[in-house]
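What follows is the residue order along each chain.
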Amino acid sequence: MRRRMRPRPAGRIVGVKNSSVLASALAACTLILAPSAPATGTHVGSDTCKKCHFDIWSSFRASGHPFALRSDVDRRPLPLPGGHDVEDVGWIVGGRTHKANYLDTDGYLITTAYPGQPNETPGRNEYDLVSGEWLDLHAGETKPSDCGRCHSTGYVAGAPNPNPGLVGTWELEGVQCEACHGPASGHVGFPFSNPLVDPSAKACGKCHSNGDLSQVLAADGFLRPNSQYNELLAGPHRTRFCTECHDPHARGDLSFRIECTDCHTHAAMASPKAFQGLGRRHLDHGVRCIDCHMPYVVKSSASHGPWKADLRSHLFEITLNPDAKMFKAGGTLAKGKLTAGYACLGCHVEVADKWTKKGKPKKAEAWARKHAAKIHDD
Ligand code: HEC
Ligand code: HEC
Ligand code: HEC
Ligand code: HEC
Ligand code: HEC
Ligand code: HEC
Ligand code: HEC
Ligand code: HEC
């Protein structure tokens, strides 16, 4: 087990300003952004923006983006993997809503608990915030990490990093204002030179995507995480922007800025008087459009039975075709539409359990399909 001690660099990993390689790579990035953005200069950090954009800054500070990766391990109220202390954890990745991962002071993913001790255990390295349990991620492997690609600001992919476990370098930890708005020193000095504003789904998809954009990856009977852009493109909202539904500065669960019925005015349930059917009964019990159309079928860390994991899907469309399957053969790709089982049985566990116990899980799906056809009827 690697336990070389190296002083953890404070804040920045490398002095980007001193590196001509990085400086020219950054200049190239700025040029790519140039057509829509006159923004130039260097990254100055989100606290610089606070003075003039206080409301946006406060809402942003309550969200996950700025804390997506951090080296101030001692300030984060999270447990560390067994046998590790603040001295040998270099960075925490995530740890905001669902799970936390830990990098050692060289930048490698920590994959062993109690290293060098009699009770040394491969794994027990991923902390699940919801259950409080320790899960296994790449147990015992030596894993260099490219997390900075999506968890940092001013990331330069090819640049050599003095920390052997880190792939690429970054200027600021976490997804800061300038990860989306570009380096803003020019704007801060002269606010009328506006920074980049790109509301497109593609801009979010730079990080919220997983692999080939024409596919939606799956594993263990659920969709893979950080694939919101892949899912969006596979479903009926493929031309919508993430920012039509999400305030990009707000915490995920508080960021929904529009009602589904603002666009889907015909969805009969919008009118309680006209609509008395099974769908109305759901809404009266506090079930929302997203509970069926964006069920928890994406697995970030844990699953809760065969139909429910821990993140909401962005596929939206539910198919009632009895031959439809959620996944392609092999189970590593999703087909793009939710089946009734995945839309309904995460809640209707009693029905799912009943048929699973009888060894006939298909009957549970058939139950869901039958009743699903009546949801939007009046
Ligand atoms: C000295 C005050 C000041 C500081 C500091 C400042 N801004 Fe601004 N910002 C402004 C003003 C004023 C405007 C409005 C300019 C306009 O409408 O042309 C603005 C507009 C913007 C816009 C909208 C541009 C558009 O095209 O609509 C963005 C994005 C922005 N700022 C981001 C930032 C970020 C990111 C930071 C920190 C790195 C920052 N600002 C720091 C004053 C400031
Ligand atoms: C995850 C990407 C992202 C981050 C991080 C981000 N923004 Fe934005 N910002 C956007 C997008 C996209 C828009 C376009 C307007 C919209 O959809 O709300 C925007 C709009 C703005 C605007 C102009 C419109 C408005 O709402 O007044 C300002 C000013 C701004 N951002 C400042 C900031 C500051 C300051 C920070 C950090 C405290 C920040 N942004 C962090 C994506 C981001
Ligand atoms: C291609 C971009 C990308 C890369 C590379 C990436 N992530 Fe992420 N990660 C995301 C996005 C986007 C999210 C949030 C959305 C989601 O989970 O579906 C996320 C979420 C997470 C979370 C959960 C955060 C929370 O608060 O629950 C953890 C932990 C995490 N990533 C760890 C890592 C680690 C460790 C690495 C490097 C080994 C890594 N990620 C590399 C994009 C990425
Ligand atoms: C530079 C990479 C990057 C970009 C660009 C980006 N994100 Fe994220 N986003 C992440 C990562 C990493 C996380 C996981 C952070 C965490 O919770 O630890 C995340 C988390 C989120 C969350 C859940 C966070 C919470 O507070 O609950 C939402 C919602 C989100 N992003 C929306 C967006 C939208 C909308 C855009 C485009 C305007 C966007 N993101 C652009 C990397 C990015
Ligand atoms: C900004 C407008 C907008 C918002 C907000 C919106 N949608 Fe849509 N939705 C659309 C459009 C446009 C289509 C495509 C319609 C088509 O293909 O005929 C669509 C398609 C769909 C479909 C597939 C329709 C079909 O015919 O099979 C479903 C299901 C759906 N949306 C559900 C939702 C849900 C649930 C929400 C709330 C989380 C939502 N939508 C929010 C605009 C929107
Ligand atoms: C209890 C689960 C459930 C709830 C709650 C629910 N839906 Fe649906 N919805 C379904 C199912 C199942 C289908 C597929 C029905 C079919 O194909 O006949 C569907 C189909 C749709 C469609 C495509 C068919 C059409 O009528 O255009 C849209 C759009 C839609 N729902 C929007 C919404 C909106 C908006 C809400 C919230 C007001 C909502 N749904 C609430 C289960 C639900
Ligand atoms: C039609 C509306 C709509 C669109 C478009 C949309 N989202 Fe969402 N998203 C939602 C809703 C609603 C939630 C659930 C919020 C809640 O928990 O209350 C959500 C949740 C999320 C979460 C948190 C997942 C979780 O379960 O914690 C992330 C991350 C996210 N969206 C990112 C994105 C990104 C990135 C895009 C664009 C590629 C996008 N969304 C497009 C409506 C939308
Ligand atoms: C967010 C959780 C949730 C989801 C998702 C959900 N339901 Fe329900 N369902 C409920 C609740 C709550 C009730 C009301 C129970 C009551 O009346 O006591 C209910 C009631 C029902 C009933 C009436 C049950 C009875 O005993 O008479 C049927 C049938 C039903 N749901 C079918 C579905 C179908 C089909 C879907 C998927 C399209 C679905 N539900 C999705 C929570 C959910």
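Above this text you will find the structure in question.
Residues numbered from 1 in each chain as written. Chains lettered and ligands numbered in written order. Predicted model: local features only at pLDDT ≥ 70, side-chain atom pairs only at ≥ 80, totals over all residues. Heavy atoms only, no water.

Trainee: Would you take a moment to explain the coordination of the iron atom of ligand 1 for this structure?
Mentor: Octahedral metal centres with six donors ideally show angles of 90 or 180 degrees, and tetrahedral centres with four donors ideally show 109.5 degrees. Taken together, His53 (NE2) and His187 (NE2) make up the full set of protein donors to the iron atom of ligand 1, lying 1.9 to 2.0 Å away. Bound by six donor atoms, the iron atom of ligand 1 shows angles of 88 to 179° at the metal and therefore octahedral coordination geometry. Residue His53 is located in the loop between helix H2 (47–50) and helix H3 (54–61), and its partner His187 is located in helix H6 (residues 185–189); the two are separated by 134 residues in the primary sequence. A relative accessible area of 39% places His53 in the partly exposed class. Relative accessible area serves as the criterion here: at 17%, His187 is assigned to the buried category. (Donors = N, O, S within 2.8 Å, 3.2 Å for Na, K, Ca; no water. Tetrahedral: all angles 85-135°; square planar, octahedral: opposite > 155°, others 65-115°. Helix = DSSP H or I, 4+ residues; strand = E, 2+ residues; numbered from the N terminus. Buried < 20%, exposed > 50% of the residue type's maximum accessible area, 1.4 Å probe, protein only.)

Trainee: Where do I start with the coordination of the iron atom of ligand 5 in this structure?
Mentor: Only His237 (NE2) and His264 (NE2) from the protein reach the iron atom of ligand 5 as donors, at distances of 1.9 Å. On the basis of relative accessibility, which here comes to 35%, the residue His264 falls in the partly exposed class.

Trainee: Where do I start with the pairing of strand S3 (residues 99–103) in this structure?
Mentor: In regular strands, side chains alternate between the two faces of the sheet. Among the five residues in S3, four count as buried, and that is most of the element. Bridge analysis of strand S2 (residues 91–94) against S3 gives four bridges, and the strand direction is antiparallel. Looking at the pairing, Gly94 lines up with Ala100 of S3. In this antiparallel pair of consecutive strands, S2 and S3, the connection spans four residues, and Gly95 shows a positive phi of 80°. Alignment of S3 against strand S6 (residues 126–128), held across two bridges, turns out to be antiparallel. The partner of Lys99 across the bridge, within S6, is Asp128. (Pairing = 2+ DSSP bridges.)

Trainee: When you look at a positive patch on the surface in this model, what are you seeing that I'm missing?
Mentor: Residues Lys325, Lys328, Lys335 and Lys362 make up a contiguous surface patch of positive charge. Structurally, Lys328 is set in the loop between strand S12 (318–319) and strand S13 (338–339). What makes Lys328 partly exposed here is its relative accessible area of 42%. (Patch = residues over 30% accessible without salt bridge, like charges linked within 9 Å, V, L, I, M, F, W, Y side chains within 5 Å. Areas by Shrake-Rupley, 256 points an atom, 1.4 Å probe, with all protein chains shown as cover. Salt bridge = Lys/Arg side-chain N within 4 Å of Asp/Glu carboxyl O. Lys, Arg positive; Asp, Glu negative; His and termini not counted. Charge placed at Lys NZ, Arg CZ, Asp CG, Glu CD.)

Trainee: Even after reading the chapter, I still don't get the sheet that holds S6, so can you show me in this structure?
Mentor: Adjacent strands of a sheet pair through backbone hydrogen bonds, lying either parallel or antiparallel. Overall, antiparallel pairing links the five strands, which are arranged S1-S2-S3-S6-S7 in an open sheet. In this open sheet, the two strands that pair with only one neighbour each are strand S1 (69–70) and strand S7 (134–135). In terms of strand pairing, S6 meets S7 through two bridges, oriented antiparallel. For Tyr127, the partnering residue across the bridge sits in S7 and is Trp134.

Trainee: Can you help me understand the site of ligand 4 in this one?
Mentor: Gly64, His65, Cys204, Cys207 and His208 are the nearest of the 19 residues found near ligand 4. One nitrogen or oxygen atom from the side chain of His208 is found 2.8 Å from a nitrogen atom belonging to ligand 4. Residue Gly252 places a main-chain N or O atom 3.0 Å away from an oxygen atom belonging to ligand 4. Listing elements by their share of the shell around ligand 4, those giving two or more residues are helix H4 (148–151), helix H7 (201–205) and helix H9 (242–245). (Near = heavy atom within 4 Å. Polar contact = N/O pair within 3.5 Å; in protein donor to acceptor, adjacent residues only side chain to side chain.)

Trainee: Explain the site of ligand 7 to me, please; I cannot follow it from the model alone.
Mentor: As a structural note, the neighbourhood of ligand 7 is formed by 19 residues, with Cys242, Cys245, His246, Arg312 and His314 the closest of them. Between ligand 7 and the protein, one listed contact pairs an oxygen atom with a backbone N or O atom of Arg312 at 2.9 Å. His314 has a polar side-chain atom sitting 2.8 Å from a nitrogen atom of ligand 7. Taken together, the elements giving at least two residues each to the shell around ligand 7 come down to helix H8 (228–234) and H9. The leading source of residues in the shell around ligand 7 is H8, at three residues. In the shell around ligand 7, the residues fall into 10 nonpolar, six polar and three charged. (Nonpolar A, V, L, I, M, F, W, Y, C, P; charged D, E, K, R; others polar.)

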